[in-house]
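Residues per chain are reported as follows:
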Amino acid sequence: MLIKLETKSNRVKGLSFHPTRPWVLASLHNGVIQLYDYRIRTLVDKFEEHDGPVRGLDFHSTQPLFVSGGDDYKIKVWNYKQRRCLYPLLGHLDYIRTVQFHLEHPWILSSSDDQTIRIWNWQSKTCVAVLTGHNHYVMCAAFHPTDDLVVSASLDQTVRVWDISGLRKKNVSGPGTSSNSYEDNRLAQNDLFGNADALVKYVLEGHERGVNWVAFHKTAPLIVSGADDRQIKLWRMNESRAWEVDSFRGHFNNVSCVLFHPKQDLILSDSEDKTVRVWDTNKRSGIQTFRREHDRFWILAAHPENNFFAAGHDSGMLVFKLERERPAFASHQGENMFYVKDRLVQEFNYNSNKEFPRFSIKARSGLHARTKSLVYSPENNAIILTSDVDGGIYELYMLPKEKAENYEPKKGMGTSVAFLGMKRFAVLDKTHQISIRDFMNEEVKRITPGGNIDRIFSAPNGLILLQGDEKVILYDIQAKRSLGDMTTPEVKYVHWSTGKNPQVAMISEDTLIIATRNLEQLCSIHESVRIKSGAWDDSGVFIYSTSTHIKYCLPNGDNGIIRTLDSPMYIHSIKNERVYLLDRECKLRVISIDTTEYVFKYALIQRQYSAVLRMVKEYNLIGQAIISYLQRKGFPEVALYFVKDEATRFNLALESGNIEIALESAKIINNEDSWNRLGTEALRQGNHQIVEMAYQRTKNYDKLSFLYLITGNMEKLKKMAKHAEIRNDVMSRFHNSLYLGDVRERIRILEEVGQLPLALASATVHDVQDSIDSISAKLNTTHPDLQIPTLKQTGLLFPPLPLTRGHESNWPLLNVTKGYFDSTETRQEETGHRDVVKKSNLTADDLGEASGWGDEIENSDDETAKKPAKRSEVEEEETGETEEPSEWAIDELELSDDEPEVKSSKKTPQSSAILPQPGPSHNQTWSNSNFAADHVAAGSFDTAFQLLNQQIGAVNFAPLKSLFLQMAGSSMATLPSLASIPSQVTALTRTEPGPNSLPLLFTSIEPLIDTRLKLAYKSTFGGKFQEALNQFTNILHQLTLFVASTRKEATEAKELINICREHILGLRLELARKEVGASDVARQIELAAYFTHCKLEVNILRLALKSAMSQTFKLKNFQHAASFARRLLELEPPEDVEKIARKVVQSSEKENTNAVKVQYNEKNPFAICGATLTPIYKGTPHLNCSFCATSFLEEKRGTLCPVCNIASVGAEASGILFIQETKKSKATKKKVVVEEEEDDDDAW
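In the annotation of an unreviewed UniProt entry, the chain is listed under the name Coatomer subunit alpha and assigned to Planoprotostelium fungivorum. Heading Function (unreviewed entry) of the UniProt record for the chain holds this comment: "The coatomer is a cytosolic protein complex that binds to dilysine motifs and reversibly associates with Golgi non-clathrin-coated vesicles, which further mediate biosynthetic protein transport from the ER, via the Golgi up to the trans Golgi network." Under the heading Subunit (unreviewed entry), UniProt records this for the chain: "Oligomeric complex that consists of at least the alpha, beta, beta', gamma, delta, epsilon and zeta subunits."

Participant: Which parts of the structure should I look at to understand the overall build of the chain?
Facilitator: Tallying secondary structure elements over the chain gives 33 helices and 61 strands in all. Residue pairs at least 24 apart in sequence account for 49% of intrachain contacts in the chain once pairs closer than 6 positions are excluded.

Participant: Which parts of the structure should I look at to understand the pattern of salt bridges?
Facilitator: Pairing between side chains of opposite charge can happen when their charged atoms approach one another. Scanning the model with the defined rule gives 41 salt bridges in all. Between Asp148 and Arg168 there is a salt bridge whose closest N-O contact spans 2.6 Å. Placement of the pair is Asp148 in the loop between β14 (138-143) and β15 (149-154) and Arg168 in helix α1 (residues 165-171), with a sequence separation of 20 residues. Of the charged contacts, one joins Glu527 and Lys551 as a salt bridge, the two residues approaching to 2.8 Å between their closest N and O atoms. Note that Glu527 is positioned in the loop between β48 (521-526) and β49 (531-536) and Lys551 in strand β51 (residues 549-553), a separation of 24 residues in sequence. With a relative accessible area of 6%, Glu527 lands in the buried category.

Participant: Would you explain the sheet that holds strand β3 (residues 23-28) in this entry?
Facilitator: To summarise the sheet geometry, strands pair through backbone hydrogen bonds and adopt either a parallel or an antiparallel arrangement. Pairing within the open sheet is antiparallel, and its four strands lie in the order β2-β3-β4-β5. Each end of this open sheet is capped by a strand with a single partner; those strands are β2 (12-17) and β5 (42-47). Strand-to-strand, the axes of this sheet are offset by a mean angle of 25 degrees, without reference to chain direction. In terms of strand pairing, strand β4 (residues 33-37) meets β5 through five bridges, oriented antiparallel.

Participant: Got a minute to help me understand empty space enclosed by the protein in this structure?
Facilitator: Taken as a whole and judged by the stated rule, the model has two cavities of 30 Å³ or more. Along the wall of the largest cavity there are 15 residues; nearest its centre are Lys4, Arg324, Lys492, Tyr493 and Lys532. Mapped onto the lining of the largest cavity, the elements with two or more residues apiece are β1 (2-8), β45 (491-496) and β49. Considering only residue class, the lining of the largest cavity consists of four nonpolar, one polar and 10 charged. Considering the residues around the second largest cavity, the lining is formed by Phe931, Ala932, Ala933, Leu948, Gln951, Leu1039, Thr1040, Leu1041, Phe1042, Val1043, Ile1216 and Leu1217. Contributions of two or more residues to the lining of the second largest cavity are made by α22 (932-937) and α23 (941-952). A class-by-class count of the residues in the lining of the second largest cavity yields 10 nonpolar, two polar and no charged.

Participant: Would you mind going over the pairing of strand β32 (residues 354-360) with me for this structure?
Facilitator: Each regular strand carries side chains that alternate between the two faces of the sheet. Relative to β32, strand β31 (residues 344-349) runs antiparallel, the two being bridged by six bridges. The residue bridging Gln346 from the neighbouring strand is Pro357, located in β32. Counting the residues that bridge the hairpin from β31 to β32 gives four residues, and of these Asn353 lies at a positive phi of roughly 55 degrees.

Participant: Please explain the nonpolar core as it appears in this structure.
Facilitator: In globular proteins that are soluble, nonpolar side chains generally tend to be buried together. Within the largest apolar cluster, 93 residues are counted, with the highest numbers of intra-cluster contacts made by Leu1039, Phe1187 and Cys1204. Of all the elements, helix α27 (residues 1047-1076) adds the most residues to this core, at 11 residues. Sequence-distant contacts of Leu1039, defined by excluding residues within four places in its chain, comprise Ile1005, Leu1008, Ala1053, Leu1056, Ile1057, Ile1216 and Phe1218.

Participant: Mind showing me how you'd approach the pairing of strand β21 (residues 242-249) here?
Facilitator: Strand direction decides the pairing type here: strand β20 (residues 231-237) and β21, joined by seven bridges, are antiparallel. Within β21, the position partnered with Arg236 by the bridge is Trp243. Linking two consecutive strands that pair antiparallel, namely β20 and β21, is a turn of four residues.

Participant: What am I meant to see in the sheet that holds strand β19 (residues 222-227) here?
Facilitator: Sheet architecture is open: four strands sit in the order β18-β19-β20-β21, paired in antiparallel fashion. On the outer flanks of this sheet lie β18 (211-216) and β21, each paired with one strand and no other. Each adjacent strand pair in this sheet contributes to an overall mean axis angle of 20 degrees, direction not counted. Taken together, the five bridges between β18 and β19 define a ladder with antiparallel strand orientation. Along β19, the bridge assignment pairs Phe216 with Ile223.

Participant: In this structure, what is going on with the UniProt feature "repeat: WD" (unreviewed entry) in the chain? I would like to understand it.
Facilitator: Taking the numbering used here, the UniProt-annotated feature "repeat: WD" (unreviewed entry) corresponds to residues 47-88, 89-130, 131-165, 204-245 and 248-289. End C-alpha atoms of residues 131-165 are separated by 13 Å, and the span's content is 3% helix alongside 57% strand.

Participant: How should the packing of helix α7 (residues 646-656) against helix α9 (residues 672-685) be read in this particular structure?
Facilitator: Each pair of packed helices can be described by the angle between their axes along with the distance between the axes. Packing of α7 against α9 brings their axes to within 10 Å, and their N-to-C directions diverge by 15 degrees. In this view, α7 runs roughly parallel relative to α9, as classed from their interaxial angle. Considering only the axes of α7 and α9, their crossing is left-handed. Side by side, α7 and α9 meet where Phe650, Asn651 and Leu654 of the first sit next to Ser674, Arg677, Leu678 and Glu681 of the second. Looking at the contact of α7 with α9 residue by residue, the class counts come to three nonpolar, two polar and two charged.

Participant: What is the right way to read the side chain of Lys13 from this model?
Facilitator: Considering the arrangement of structural elements, one finds Lys13 in strand β2. Comment: no salt bridge for buried Lys13; closest opposite-charge side chain is Asp314, at 7.2 Å. Lys13 has contacts with Ser27, His29, Val54, Arg55, Trp298 and Ile299, leaving out every residue within four places of it along the chain.

Calculation rules
Residue numbering note: each chain is counted from 1, following its sequence as written. Only residues with pLDDT of at least 70 get local features here, since the model is predicted, and only at 80 or more are side-chain atom pairs given and counted; chain-wide, interface and lining totals rely on the full set of residues. Each side-chain value is derived from all of the structure's non-hydrogen atoms; neither hydrogens nor water enter the calculation. UniProt positions are given in the numbering used here, feature names are shortened, and annotations may be inferred rather than shown by experiment. Segments assigned H or I by DSSP are reported as helices when at least four residues long, segments assigned E as strands when at least two residues long, and all are numbered from the N terminus. Contact between two residues is taken to exist if any of their heavy atoms lie within 4.5 Å; hydrogens are not considered. Whenever a carboxyl oxygen of Asp or Glu lies within 4 Å of a side-chain nitrogen of Lys or Arg, that contact is scored as a salt bridge. Relative accessible area decides the class of each residue, using a 1.4 Å probe on protein chains only: under 20% of the type maximum gives buried, over 50% gives exposed, and in between gives partly exposed. A pair of strands is considered paired only if DSSP assigns at least 2 bridges between the two. Axes, fitted as lines to C-alpha atoms, cover a helix only where it is in contact. Angles between the N-to-C directions of the axes lie from 0 to 180 degrees. Lining residues are defined by having an atom within 4 Å of a point belonging to a cavity or pocket. Those points lie on a 1 Å grid over the protein atoms alone, cavities being sets where a 1.4 Å probe fits but cannot get out and pockets being open sets with protein on both sides within 12 Å along at least five of seven lines. Grid points are joined across faces, edges and corners, and a volume is the space filled by probe spheres set on the points. Under the convention adopted here, Pro, Cys and the residues Ala, Val, Leu, Ile, Met, Phe, Trp and Tyr are nonpolar, Asp, Glu, Lys and Arg are charged, and Gly plus all remaining residues are polar. Note on terminology: a nonpolar core comprises buried Ala, Val, Leu, Ile, Met, Phe, Trp, Tyr and Cys residues joined through side-chain atoms within 4.5 Å. Every angle not falling under 35 degrees, over 145, or within 65 to 115 is termed oblique; those three ranges are roughly parallel, roughly antiparallel and roughly perpendicular. Left-handed describes a crossing whose near helix is turned anticlockwise from the far helix through less than a right angle; right-handed describes the clockwise counterpart. Neither His nor the chain ends contribute to the count of charged residues, in which Lys and Arg are positive and Asp and Glu negative.

Written out as C-alpha cells, the structure reads:
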C-alpha cells in the first residue's frame, strides 16, 4: 500500500473521488463533509449542514455537483463551486445509507433504512421511482455502469438486481413524442404502491447474515458482495439468471465494503477487523492484507480512471495505491533509453527517434509482479531488472545483438542493485548487507557497511551511494570506507550529471537536493506535490517533473516552472529543447519546451555576459520578471541596460552606483523625490557637482550653502547670501554670513530684526568699533539700564577654509576597470541604449540655458531687468542706509533652470572613474567557514548553532552564551582616527589578510592545557570537587569554539575532551557518593568503586583508590578493599600510603569476604552511564554523547548529556571539527578512524 494522503478526523462513513480533479470527499460521523486535494495533501473545503452522521456521498461525472445523504433523512445536492447546498430531497423515513449519480441520466439513487430504494430526478427535484421489496435495512444500492440495472444489498441477507429499463423509457422521451398528462398521473399513482417500471430481476441468496455492500463490475457481468457473515461472494449473471461463483474467506469480522479493481482482476474489501484485503479473482485467494492497530474500516472508494483508492476508518481516511505506476526505464547520455513495456524490454534511440524491442521477459504473477526498476550499464552492455516479488528479486540480462525471445537471465534475491564497473554489480539484500557479484552472478565479496541501508545507487568511478537512516553515504567498495555523507530525506532516485565536475541530483518524495560529487549540498528544493522524475540538461541545469509541472532547478537553488502537465509523466532525457517522457502506459511522449528563461539565468550565474546580451537581443527578454530577478539576485548593473522605463532605469542606476545614467533619467522624470535620491547617492560617491544640481532643482538652499562651504566655493557662497537677502530669508542670510565670516553683515541682520543686544555683543566680540558706537547709542535710548561689558582681547574671527578646494572638479573617485556591461561599444552596438558617459564634458545644452547661475549674475547687463523694490523712507531712516543700485534681477534667479556645469570624471574614453561595488564584509566571509567559532566571531549565532548541532548534536546553548559574546567582541579592534572622524573598526585575523581571511580566536590549546587543566587538577586534588567540576566543564565548553592550526593541536584537543569527560564523570560520582551519605551503604561503595575506573590523572587516581580502599575496608568488604589496595600499590604511592595499602591487603586476604552486596564486577569490563551512574557492561546496547562520547543506556536517547551539558544523547552528528581537512590530511583519514576505534575499545 502506497499511502498518498492520510487524514485525522472523526469516523469516515462515506467517500467519493472526483472524476477529473485530484479531490476526494469524505463524510464524517459528526455530520461534516470534507473536501481534500490528495495531490497536495491539503483540506480544500468543508460543508456543514447535515444533522448527524453522513453516510452517502457521490460526485457528479460532469457537473460541479455532489450529493450526500445522512441520518437526518435528507438527501442534499451541493454545488462545490458556489460552496453551498442547492436544495434537499425529502422522502425517506429513516437513515440514508448510500447515494449515487447516474452517469447519463439526471438521476440520483438512494438506499435507506426505511427498506426502500428511491430514484430521484435532481433537475426536477422529484422522486421518479420507489423500489420496494427488501424487508430490512437497505445498506447499499448502485447503478450499473452501462446497463439499465440497479443492485442493492440489505440486512435481509439478500442481494437484489433491479431492471429499470421501463423507467428510462418513461422518463427519457425521444424526439417526436408527446406527453400525456393523464398517463403521467396514472404512473405517479402506481409509484405509491410499487413502481411497475422498476422490477426485480434477480434475488441472490447465499449470505448467512445481513449484506452490507454490493457492487457491479465495470465491464464483466459480475457482482461482488460483502456481509456480516465475514464472507465476500462473487456472483455472475446473464440474461436469464444469476448464480454464486465463489466465496472469499479471510476476514475475522463484519465486511464493511467491497469493490472491484477498475483495471485489474482484483477485489478490494475492508472490514471491522481493522484490515483492508486484496483478493485475486482468478486464483480466488487473498494476496495482500493492510492492517491498522486500532481503527475499524467502514468504507472503500475507487477512482474511476486512476489507480487511486480511499478507505475510511474510525480516525480518518487513507488515499492509497496498491502498487507504483512508474514505468521502469533508464537512459544513457542522450543516446538511447531502455524501458519495460508489455513484457518486452524496448530500446529508444534519440538520434533516429525510433524504438525497437530488445528481448522479452517472463511473466510474473502477483500484486507486485510489475518491474520496479531498470538499471543499465553501457560499459557492460547489461541490464538489471528488479521487482518486489517474494520480497525483492533481480534479473541480470546481457543485451543480445538481436532480439532474443527466450533469454534466460541470471536471477537472485535483493531489494536494490547498482553497477560498479567492468563486470561487477552490487546487490543489497534483506539483511542490509551488500553482495558484490560478477556477471556469472557469483558472489565475489560481501560488505557490511553498518546501519540500516535501504537503497543503493551507482556513482562515478566505481563508487556507490548508500541510502538509509535519513542520510546518503558515498561509499568506496574497494577501501570499505565512507568518503562523505549528507543528511537527506529518503532518496528514491539519483541522477549524475556529466563533465569534469559532476553533480548529483537526489529525488525524494517531495524534496530535490543537488550536491557536488563529494556530497556537499548546493541547494535543496521542497515541493508541495510529489516529484516524479528528472534529468540533466546539456547546459548543466536539472529538469524535473512533478504531478502537474515540468520545472527547472539551477545549482544555486533558483527554480521555476517550464510548463504544465495534464497527467503525471516521467522525464528520461532533455535534448535540443525537447523533453522526452514516458507516461504511465509506457507511451513515449516528446514535448517542446522554451529553455530561454533557465538558460539565461544559468548564463548570468556563470557570468557569461555575451550570451546574456545575445539572448536579450534575440529573444526579447526585457520584462518586469527578468528585471526583478536581476535586481533580486544582485545584478542591477546588468538589468540597467535592458530597461526602457525611466523610473525603473533610475532606480537600477542608483542601486548599481551608475550616477551618470541616474542623472539622465532624473532630468526626464524631473520630480523632487528623484532629485533628492540622486543628491544623496551623488554625495555618497563624492560627485558634488551633481549634488549641487540636485540641490538647485529641489531649491534646498541651506544644503546648497553648506556644500559651497565644504568645497571652498566662496564666490557662489556670496551669491547664496545675496539670494537669501532677495528671498527675505533671515536665517539663511545669517547662516551664509557665518559661513563667509562677514561680521558686519551679521550685525546688520541682527539690527534689522531688532536684536540690538545681540548685535552689540557681536560687534564687541569682533571689535567692530563703529558698530559698537552706533548700537550703543540706540541701546541707551531703548535700554538705559543695560550694562555693556568690556573685553580685554577682541578680534575678527573667520571660519576655517577647507584644505582642498574641490569646487572646480569632483572629489577623486577610484579608477576601476570597466565591466562587460559598462562598455560603451556594448551599449551602443548590442543593446541600443543611450551612452550617458560622454567622451567630453557635458555642454550647456545638456544642463540647461546657463552653465552656472553665478556667472549669469555677475555678467548681467540686461537693462530691461526688473529692479528690486526700494525700501520705504521709514526703513531708510531706521537703518541709516540707502539702497545701493544693483544690476541683479530677482526674477532672473530661477535656480531650477540654473545648473552648474557637470564635468565628466573621465579623462579619456578608455578610462572611467566609477564607484566600485563593495566587496563582502568580514562577517559574510567568516560565516562561510566550516568552524562554528568563525560564525560566532562574525556575530552569526544562528548559523553557529546550526553547525554545532550538525557536528556535535548540540541542543543546549545557554552554557555557551558568555563564550559566544566574548568571542564576538574579541574578533574586532577599534583604532582611533583623526578628530571629528569616527574610529575605524578593523578585523583581527588569524590568516593572511585578504578576502578569505578568518578571524583571530581567543581560544588556544596551550593555556587550556598549561593553565586551566592544571587548575582543575589542583582543585580536584585539594578536594574542591564542585569547583573542579566547573573548571573541567568550562574547558569542554571552550573546546566547542577551538580551531587548531596544526594536526598536533587537533589531536591534543581530542585528548583534552577525553580527559575532561573522565574527570567530570569521576567528580560527579564522588559528589553523588557524598549526597547518598550513610543511608545507602551499598550505593556508597558502588560509586567509590566506579570512581576508580575513570581514566584519571595518576595523583588523583591514587586518592580515588585510597578513598575506595578505606571505605570498603571499614564496611568489611574485604575482597574489594584488597583489590583497590593492589591497584594502589601498582601506582607507586608515597611510603606512608604504601604501608597502609600493604596492611589492608594482608588483613583483607585473611577474611576474603564482602559484607555488603554491591553491583560491581571489576573483572567484566564496563563503561559508566553518564545519567544513571551505573555500569554498562560490555555487550550491552548503549549510546554515546555526540560531543564528549560519554556512554549512556538506550533509554536515555534524546536526553541532554549531563557531562557536557550541551549535546543530545544518541544524536546523529558528523563529529566536532578542529582542523580543516585537506587532501593531505584525508590520506591519513583511515589511520585516524582506526585510532578512534581503538579509543572506543578502551572505554570498556
